[in-house]
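# Structural overview
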Amino acid sequence: MKNSFFSRFTPQEPKFFPMLKHLSEILMVSADLLVESLEHNSPKERNEYYKRIKDIEREGDKQTHLIFDELGKTFITPFDREDIHDLASTIDDVIDGINSSAKRITIYNPRPISDSGKELSRLIRQEAQYIAKAMDELETFRKKPTALREYCVKLHDIENQADDVYELFVKKLFEEEKDCIELIKIKEIMQELEKTTDAAERVGKILRNLIVKYA
Amino acid sequence: MKNSFFSRFTPQEPKFFPMLKHLSEILMVSADLLVESLEHNSPKERNEYYKRIKDIEREGDKQTHLIFDELGKTFITPFDREDIHDLASTIDDVIDGINSSAKRITIYNPRPISDSGKELSRLIRQEAQYIAKAMDELETFRKKPTALREYCVKLHDIENQADDVYELFVKKLFEEEKDCIELIKIKEIMQELEKTTDAAERVGKILRNLIVKYA
Amino acid sequence: MKNSFFSRFTPQEPKFFPMLKHLSEILMVSADLLVESLEHNSPKERNEYYKRIKDIEREGDKQTHLIFDELGKTFITPFDREDIHDLASTIDDVIDGINSSAKRITIYNPRPISDSGKELSRLIRQEAQYIAKAMDELETFRKKPTALREYCVKLHDIENQADDVYELFVKKLFEEEKDCIELIKIKEIMQELEKTTDAAERVGKILRNLIVKYA
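Not measured: the values here are computed from a predicted model.

### Some remarks on the overall build of chain A
Helix and strand counts for chain A come out as six helices and zero strands. Counted from the first residue to the last, chain A has its helices and strands arranged as α-α-α-α-α-α. Evaluated residue by residue, chain A yields a buried proportion of 58% over its 215 residues. Contacts in chain A between residues at least 24 apart in sequence constitute 86% of all its contacts with a sequence separation of at least 6. Element-wise, carbon and sulfur atoms account for 52% of the exposed surface of chain A, whose accessible area totals about 9400 Å². Averaging the coordinates of the 35 positive side-chain charges in chain A and doing the same for the 42 negative ones gives two points 3 Å apart.

In structure tokens, the structure reads:
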């Protein structure tokens, strides 16, 4: 664990890039499982998906902490220390949001998830894909920021779509659903899905800030 | 976008002060709209206010990111970089809270908002006014901290008032409201309003910390 | 309030350690009160416990801000500035979580708290105890990290236990509770208790990161 004097001064290495890329791949696996899980409605199936998503969430947690450890041990980093820290912890927030959504589905056990809920999960998967693509640009965007900039725009647009899907649906839910307990279940699950799309957009904001600072 | 070597070393300029002032003015517009909106109860009116508040929220978001961009491009800042960052992002949190409150009102469409809800919105407006006043002191408080210190006290006091209003009201709501769905609507809206007064108090805490560090 | 040039350069003093220790003691008092309060079910008793917990919460707030003030005035700190800041503010989050839990109990006034709720409060108390023990290691863990490392493992394990208690209970609640308003009350209180155990685990993560960086 101990950092030698020298290891703290070795020249800047891009080891953070593959570590962040790996984190974004964990996010992709998690988002795929979420989309798939919403097609399954029995308590048993829901619980099995949640278990798998929870395992992935722990993997994401470990990977995030490996990145933090590396930050703690490395003297020279490719970007400001806090930028890498924020990027990793916000990607981890998206993974956490997916886990919380699956957790609510399994412990509340609502009726089959609505088309709007499924739509939100697909938007989360799209966001995960753009985040993973963005990680491939970290090494090169200082010279060629076009692709990274485009992914940030996409993340922003998807979040706006998610907002609209969420608002329309919840409005209708409060007009039509008369079963109060079912309403609570669905509202809380939709809220968690929407919060997850927000976290993904925050990743986009951090990336956009990197472009401003370094490109 | 590229920072020239020299632009990063130009002498400290107070450009952050007018930028933060402008952000606080956006907050004031937003808080005014919130207070006004609570007097209107038809779904159509609620939706129109929400649209306007949402537009303002996006303006706040843009202004906050202009401040972050400026931070990324400026080498010498009037305070520690994180202080300016925290100040901008926490003022933005207040604007976001107002937006979320209006959003909940429009998508839940509850009965007319209670006097306690209106009271909370007026407390948020008061907080916004003190925050805007505080921004005028940023340039001079190192020598004359009295006014800024007073605004921090006010922000703290208003938050305590908001706490009392919220607690009394929600207690009564749970005793008296028998319509479960209406209870959910009102509880969630009141929670969001109360959370917004908290965010405004956090601005006060950041300002108080600035006084300790620099005055 | 003004920092003299010299006070900012005085040699590194361990004054932060007793300050953090004191904050953890405030947390312990608060956690003890929470456990005790859950044995009392009349509105009057609940309200009295909440008042006491609220007073403690304000004390915690003050102590946290004393630590921030000290950070603002001290040039050389035993760890990176942000580490001390995060440690104090996350311990304060645990105290806030206890306060919010007690607040919800007093304003919602649900039926007697379930065994699972009591179990969560005892887990929070255990976490508080490990956090307080951990504060005793801050001065020496660079040379002997074993004890601190063990407390981090404990904090992690307790959080996992809390997760299981929470999930099992809420699942059953949604299957069995037919009184919608009672369900809301209990769900929200349990959520706040669970969130508090999360905050305590975050303290463990910060401590673990300190070991990586400094031991």
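### Points about the nonpolar core
Leu207(A), Leu207(B) and Leu207(C) are the most contacted members of the largest nonpolar core, which totals 208 residues. Broken down by element, this core gets its largest block of residues, 16 residues, from helix 6 (residues 180-214) of chain C. Discounting residues that sit within four places of it in the chain, Leu207(A) has contacts with Leu87(A), Ala134(A), Met135(A), Leu138(A), Leu148(A) and Cys152(A).

### Description of the packing of helix 1 (residues 16-37) of chain A against helix 4 (residues 115-137) of chain A
Residue and element names in this part refer to chain A. Between helix 1 and helix 4, the least distance of the axes is 9 Å, while the angle of their chain directions is 165°. Taken together, the axis directions place helix 1 and helix 4 in an arrangement best described as roughly antiparallel. In the packing of helix 1 onto helix 4, the handedness of the crossing is left-handed. Within the contact between the two elements, helix 1 uses Leu20, Lys21, Ser24, Leu27, Met28, Ala31, Asp32, Leu34 and Val35 and helix 4 uses Ser121, Arg122, Ile124, Arg125, Ala128, Gln129, Ile131, Ala132, Met135 and Asp136. Among the residues forming the contact of helix 1 with helix 4, the class breakdown is eleven nonpolar, three polar and five charged.

### Section: the interface of chain A and chain C
If you look at the interface, chain A gives 23 residues, while chain C gives 25 residues. Taking both sides of the interface into account, the surface hidden between chain A and chain C amounts to around 2000 Å²; carbon and sulfur atoms contribute 55%. Across the contact surface, chain A and chain C share seven salt bridges. Residue Arg208(C) pairs with Asp69(A) through a salt bridge whose shortest N-O separation is 3.3 Å. Linking chain A with chain C are five residue pairs in polar contact (both at pLDDT 80 or more), by the criterion used here. Only helix 2 (43-73), helix 3 (81-108) and helix 6 (180-214) of chain A provide two or more residues apiece to the side of chain A that touches chain C.

### Describing the relation of the copies chain A and chain C
Superposing the two chain copies requires a rotation about an axis and a translation along that axis. The transformation that overlays chain A on chain C combines an axial shift of 0.0 Å with a rotation of 120°, and the residual RMSD is 0.0 Å. Both copies of the chain, as the preceding transformation shows, are related through a three-fold rotation axis. Scanning chain A for the C-alpha nearest the rotation axis identifies Cys180(A), at a separation of 3.8 Å.

### Regarding the packing of aromatic side chains
The geometry of two aromatic rings is summed up by the distance between their centres and the angle between their planes. Residue and element names in this part refer to chain A. By the definition in use, this model includes 15 aromatic pairs over all chains. Considering the side-chain rings of Phe79 and Tyr214, the 5.3 Å spacing of their centres and the 35° angle between planes classify their relative orientation as tilted. With Phe79 in the loop between helix 2 and helix 3 and Tyr214 in helix 6, this pair connects stretches of sequence that are 135 residues apart. Among the aromatic residues, those joined into a ring-pair cluster are Phe17, Phe79, Phe141 and Tyr214.

### Overview of the state of the cysteines
Counting across every chain of the model gives three disulfides over all chains. Disulfide pairing places Cys180(A) opposite Cys180(C) at an S-S distance of 2.3 Å. Taking the sign of the S-S torsion, about -50° here, the bridge from Cys180(A) to Cys180(C) comes out left-handed. With one member in each of two chains, Cys180(A) in helix 6 and Cys180(C) in helix 6 form a pair that bridges those chains. When its relative accessible area of 10% is taken as the criterion, Cys180(C) is described as buried.

### Some points on the interface of chain A and chain B
On the chain B side, the residues contacting the 24 residues of chain A number 23 residues. Summed over both sides, the interface between chain A and chain B buries roughly 2000 Å², with carbon and sulfur atoms accounting for 55% of that surface. For chain A, the biggest contributors to the area lost against chain B are Glu167(A), Phe174(A) and Val212(A); these three give 28% of the whole. If you look at where chain A meets chain B, you find seven salt bridges. There are six residue pairs in polar contact (both at pLDDT 80 or more) connecting chain A and chain B. Those elements that place two or more of their residues in the side of chain A that touches chain B are helix 5 (146-176) and helix 6 of chain A. Sort the elements by how many residues they give to the side of chain A that touches chain B and helix 6 of chain A lands first, with twelve residues. When the residues that make up the side of chain A that touches chain B are grouped by side-chain class, the tally is eight nonpolar, three polar and 13 charged.

Each value, and the rule that gives it
- Residues numbered from 1 in each chain as written.
- Chains lettered and ligands numbered in written order.
- Predicted model: local features only at pLDDT ≥ 70, side-chain atom pairs only at ≥ 80, totals over all residues.
- Heavy atoms only, no water.
- Helix = DSSP H or I, 4+ residues; strand = E, 2+ residues; numbered from the N terminus.
- Buried < 20%, exposed > 50% of the residue type's maximum accessible area, 1.4 Å probe, protein only.
- Contact = heavy atoms within 4.5 Å.
- Areas by Shrake-Rupley, 256 points an atom, 1.4 Å probe, with all protein chains shown as cover.
- Lys, Arg positive; Asp, Glu negative; His and termini not counted.
- Charge placed at Lys NZ, Arg CZ, Asp CG, Glu CD.
- Core = buried A, V, L, I, M, F, W, Y, C linked by side-chain atoms within 4.5 Å.
- Axes fitted to C-alpha atoms, helices over the stretch in contact; angles between N-to-C directions.
- Parallel < 35°, antiparallel > 145°, perpendicular 65-115°, else oblique.
- Left-handed = near helix turned anticlockwise from the far one by under 90°.
- Nonpolar A, V, L, I, M, F, W, Y, C, P; charged D, E, K, R; others polar.
- Buried area = accessible area lost by both parts, 1.4 Å probe.
- Salt bridge = Lys/Arg side-chain N within 4 Å of Asp/Glu carboxyl O.
- Polar contact = N/O pair within 3.5 Å; in protein donor to acceptor, adjacent residues only side chain to side chain.
- Least-squares fit on C-alpha atoms with pLDDT ≥ 70 in both.
- Phe/Tyr/Trp six-rings, centres within 6.5 Å; stacked < 30°, edge-to-face > 60°.
- Disulfide = S-S within 2.5 Å.

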